[in-house]
Structure formats: structure tokens, C-alpha cells
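Observations on chain architecture
Each chain, letter by letter, is given below.
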Amino acid sequence: MKPAARRNGLVVRDLPDELIVYDLDRHQAHCLNRTAASVFRGADGTRSLDDLGALLGDGFDRAERVAAVRMALGLLGEAQLLEADAPSGPASDLSRRSALRRAGLGVALLLPAVASIVVPTPAEAAVTCIKDCTGQLPGTGCNCPLSNTAPPCDNVCFPDETCGGAGFCP
Amino acid sequence: MGILPSMMPRLRHGWASSDRIDRWAWRAGTCFDAYGVRVGVRFNDPALLERLGPHLPPGWQPCASSEVDQIFSVWVSPRGARARTVGRVYAGGQRRALAKDLEQAFEVLESEIRQTVAAAAPGRTFVHAGVVGWHGRAILVPGRSRSGKTTLVAELVKSGAVYYSDEFAVLDRRGRVHPFAKSLSIREGGCARHEIVRRRRAEDFGGFCGVRPLPVALVVLASYRPGAEWQPVTLTRGQAMLEMLAHTVPARLRPEASLLALERAVARATVLQGERGEASAVAARLLEQVRQPAGTSRVGAGAKGMR
């Protein structure tokens, strides 16, 4: 098994211990921790899992490294950062929780992590929701919740000029 | 700022045309520049031009040329007409709103102009965020509408911080923040459906507006929950960039430049994420955080994990 990470259609920013990858095709952005970043950089279609494990640094045995590489490939596959035909295996081969239970703190440092977001459109990022749907076009965002993790507007204006959806009034 | 010139705008060569509505009887227009974006506005009623000034983006400048990057159009029903819709607002050829009164029409127009400037400003990356200055460095509060940005910014200004924006952090290529000091939009009322939005100046809170660009010292990703204790976790630089990218207006249009500006903005900043209670209880702690030398803070000692 010699996996290959995607190289095309991505904008990549190298940080000291992380990697930010912007997928231009899907408008998703990913933050890879050190282990996931090492596997992503190293997976060029010529390296085996053992070879990729060797990139993760000293202080871990072979089985630990290969397990971490498999898990990283699973996460990269979920994030669609591997070539379409690259074998990745499911991320659940070795869940983070069970890995932490089985191994000590040292191996926990090897655990790969990938955080992802869907990048907003300009309108979504800049939107200011309206409170009154009277006269607004259907679909106009309205009645936002008090949260910065929710979508820009929780509800939308309906054709009958009411604001619908899962309303939120404190 | 200057006096708005009276001239009918036309799109720069090569920009999308709105020719369907170009044929309507526009009777007054003007052109201005904001953050390097040339904007035109036209009306079918010349009297409306005089009402436009307060709705322009901060820092606008009159344009000598009538060639613009985007045209906004406001068509109002003739006085005395018994129309349910008083005003129609267009961005290019796209209708954006059917307004029941002029106030609503100008409100939509103002928001549309700001969004266009935020998306298209050359050399600037607009992040939806409140901003204040403190001891020569900036505190950013990114967040969606109604996430409590303005409330926290107002509280920080009351506590002595310098007002920069309650809507956009304008980042340059070096990651410094420039002011976008429009009036603060303070929401009053218990429910989104019944609230009133009041415009307040920084001076109303005993503060003033900043002018010069500042490096970022602190980014606060706070969601409001009544009664919550502010116990934030500290994000890594990558996590911080990802969180801020979710509020970055031109992220899809210019991902490389956006990421570079964000990377430089957070390079020397502490980035905290957590739930907050009342803004008054958090503001002093945030200001204290910035006053301390980097790396000595006890706030946000936790670390955030990733999937």
C-alpha cells in the first residue's frame, strides 16, 4: 500500500506544527496537526506505511507508527485529501479514544488530527440578518440565533413574508 | 470624506452589465471609492441622493470618474402612489429587496454596499469581527451577526479601549488591522422579531475611533450564554486561522491572500475560544490579558483538541 495525497487544487500554508490546506474544488479548509501533516506531505505514492511511519520521528515502535499512519490516512481520506484511487482505510481502525486507553501519553502525541470547515461565501461571511420579512425576497436570511457557531442565519423569509425555521427568541 | 459628486455611474469595461435596469429612468446618481472599490449608486428620485451620506461605508472618498466596479440602484414608487412596495433595491441587475419604506430600502442598500466593498477590496481581507485597540494593539472579536460582537465591543470601549469596528476587521497584507469605524449598531429588545437597532457613536460610550493600523494581540471567539463563566481554551495558530476563515468575506474569492493575511494576523496573537456571560464581566479580563506580556497569561490555559 503506497498512498498518494492530493497535490492539485489545493492551497497549502505551512505553520510551525500544523498545516492549513484549502481545497479549491470543495471550498473546504482543513487544519492538520503535526502527524497528519507529516503523512500528508510524505504520501507521494512511493512510500509504504512503514516508510510514512518513519517520518513521524523517533521514540515509538513500528506498530504504533503504522497505526498512527493508518489513522491519519483515514482522516485525510474523510477530508478528501487523498487521490481518488488511494487506499486509505477507515479512520476508525484505531479510534483516538481506544488508542489513548491502550497506550501511554507518548503515543498520544502521535495521534493525528484533522479539523475541517466549509468556507463561507462572501454573502454568508458578511451577512447581517434582517428581523422583519415584510417585503423581503423569499430565502432572505432572518432571525439569527445568538451563536457564532451556527449558520449565518438560522431562518429564512417565506413567500408569505414570515420568518420561518427553528426560531430563537431568548 | 468629501461631498458626494452628482454623476450617473457606469460599469467599468469588462464588468458584468445590469443592462435590463439600465434602461429605466434614473434621474440622479453618484460615485465614490471605499477601500479601493469604486461604487456607484443611482435613484429615480433625485431627492434621495441627499439622504445617502449616512449610509456610506466609513472612509469613503468621492470619485472623479463615473466608471465603477458595481452599481446599486434604488427605485422608489412615486409619491402618493398606493403601492405596497415603496422601494426596490438592486445590486447590479439583481434585485435584493422590496422595501416597505425608505428606511428599510436604505438599510438594505447600506448593507449591500458594505458586503461588496468587503468582498472586493484590493489588498485587504475583511473578517466579520468587532475590533478595538488597546495599548497599541488590537483585540478582534470575530462572529456572526447577533453573536454579541457589538455588545462586547461597546463594553470594551466603555472600559477605555479605542473603537475600530463593530462589523469588520480590515486586515492588510502584513496582518495589521485597519479601522472600519461605522456607528455601532446596538440591538435593544428581548427578541429578534421585536428588537430596535440604535446607532451609537463611540463617543456616546466615552470613547473615540482609532485611525492607524494595529498588530493583533488577542482574538476572542466567544459565544454568549447567559450566566456562563469565561473559561476559554487557547487555540493553536492553525486552529485560529480555521476559525477566522469561517468569518472571512473574500475567503472563497482569494483564498491564498486571505490565508496569508490571517496567518500574519495571528502570528503574535493569543486566540481564545469559549462561552461568555455578560460582556461587562469579560471586558476587563480581556483588557488585562492584552496588558500582560505575551506568554505570561493564566487565562486560557486549556488546549483545544481536533477531530
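**Quick notes on the overall build of chain B**
- For chain B, the helix and strand inventory stands at six helices and 19 strands.
- Per-residue burial over chain B gives 56% buried out of 307 residues.
- Look at the contacts in chain B between residues 6 or more apart in sequence, and 68% of them connect residues 24 or more apart.
- A total accessible area of about 13,400 Å² is found for chain B, and carbon and sulfur atoms account for 48% of it.

**As for the domain arrangement of chain B**
Residues and elements named next belong to chain B.
- In terms of domains, chain B is made up of domain 1 (10-120) and domain 2 (125-291).
- In this structure, domain 1 and domain 2 have C-alpha centres spaced 29 Å apart.
- Taken together, the contact pairs 11 residues of domain 1 with 13 residues of domain 2.
- Across the domain 1/domain 2 interface, buried area totals approximately 920 Å², and carbon plus sulfur atoms make up 62% of it.
- Of all residues in domain 1, Tyr-35, Arg-114 and Ala-118 bury the most surface against domain 2, accounting for 52% of the area lost on that side.
- Along the contact surface separating domain 1 from domain 2 lie one salt bridge.
- For the salt bridge of Glu-167 with Arg-114, the shortest nitrogen-to-oxygen distance reads 2.7 Å.
- Joining domain 1 to domain 2, the criterion identifies three residue pairs in polar contact (both at pLDDT 80 or more).

**As for the sheet that holds strand E2 (residues 19-23) of chain A**
Residues and elements named next belong to chain A.
- Sheet architecture is open: four strands sit in the order E1-E2-E3-E4, paired in antiparallel fashion. Taken across any chain shown, the strands that pair with only one partner, and hence form the sheet edges, are strand E1 (10-14) and strand E4 (114-118). In this sheet, adjacent strand axes meet at a mean angle of 15 degrees when their direction is disregarded.
- Two strands pair when backbone bridges link them, and E2 and strand E3 (residues 28-32) are joined in this way by five bridges, in the antiparallel orientation.

**Considering the packing of helix H3 (residues 149-158) of chain B against helix H6 (residues 279-291) of chain B**
Residues and elements named next belong to chain B.
- At a minimum axis separation of 9 Å, H3 and H6 run at an interaxial angle of 60 degrees. The angle between H3 and H6 places the two elements in the oblique class. The way H3 lies across H6 gives a crossing that is right-handed. Of the residues in H6, those in contact with Thr-151, Leu-152, Glu-155 and Leu-156 of H3 are Ala-279, Ser-280, Ala-283, Leu-286 and Leu-287.
- Its residues assigned to classes, the contact of H3 with H6 comprises six nonpolar, two polar and one charged.

**Section: the sheet that holds strand E3 (residues 37-43) of chain B**
Residue and element names in this part refer to chain B.
- Spatial ordering of the open sheet is given by E4-E2-E3-E6-E7-E8, a layout of six strands whose pairing is mixed. The outermost strands of the open sheet, each flanked by one partner alone, are strand E4 (61-62) and strand E8 (94-99).
- Sheet analysis places E3 next to strand E6 (residues 70-76), joined by five bridges and oriented parallel. Each bridged residue has a counterpart across the sheet, and for Arg-42 the counterpart in E6 is Ser-73.

**Some thoughts on the state of the cysteines**
- By the definition in use, this model includes zero disulfides over all chains.
- The thiol of B:Cys31 is not disulfide-bonded; the next cysteine sulfur, from B:Cys63, is found 6.0 Å away.

**Here we look at the side chain of A:Arg65**
- Along the chain, the position of A:Arg65 falls in helix H3 (residues 62-78).
- Contacts of A:Arg65, omitting those with residues within four sequence positions, involve A:Gly53, A:Ala54, A:Leu56, A:Gly57, A:Asp58, A:Gly59, A:Phe60 and A:Leu110.

**Considering the pattern of salt bridges**
- This model, assessed by the stated rule, comprises 20 salt bridges over all chains.
- The residue A:Asp50 makes a salt bridge to A:Arg62 at a minimum N-O spacing of 2.9 Å. With A:Asp50 in helix H2 (residues 49-54) and A:Arg62 in helix H3, the pair connects residues that are 12 residues apart, well separated along the chain.
- The network of salt bridges with shared partners includes B:Glu110, B:Arg114, B:Asp166, B:Glu167 and B:Lys182.

**Describing the environment of B:Gly93**
- Within the fold, B:Gly93 resides in the loop between strand E7 (87-91) and E8.
- A sequence separation of 74 residues divides B:Gly93 from B:Asp19, and the C-alpha atoms of the two residues are 7.2 Å apart.

What counts and what doesn't
- Residues numbered from 1 in each chain as written.
- Chains lettered and ligands numbered in written order.
- Predicted model: local features only at pLDDT ≥ 70, side-chain atom pairs only at ≥ 80, totals over all residues.
- Heavy atoms only, no water.
- Helix = DSSP H or I, 4+ residues; strand = E, 2+ residues; numbered from the N terminus.
- Buried < 20%, exposed > 50% of the residue type's maximum accessible area, 1.4 Å probe, protein only.
- Contact = heavy atoms within 4.5 Å.
- Areas by Shrake-Rupley, 256 points an atom, 1.4 Å probe, with all protein chains shown as cover.
- Domains from an automatic or database assignment.
- Buried area = accessible area lost by both parts, 1.4 Å probe.
- Salt bridge = Lys/Arg side-chain N within 4 Å of Asp/Glu carboxyl O.
- Polar contact = N/O pair within 3.5 Å; in protein donor to acceptor, adjacent residues only side chain to side chain.
- Pairing = 2+ DSSP bridges.
- Axes fitted to C-alpha atoms, helices over the stretch in contact; angles between N-to-C directions.
- Parallel < 35°, antiparallel > 145°, perpendicular 65-115°, else oblique.
- Left-handed = near helix turned anticlockwise from the far one by under 90°.
- Nonpolar A, V, L, I, M, F, W, Y, C, P; charged D, E, K, R; others polar.
- Disulfide = S-S within 2.5 Å.

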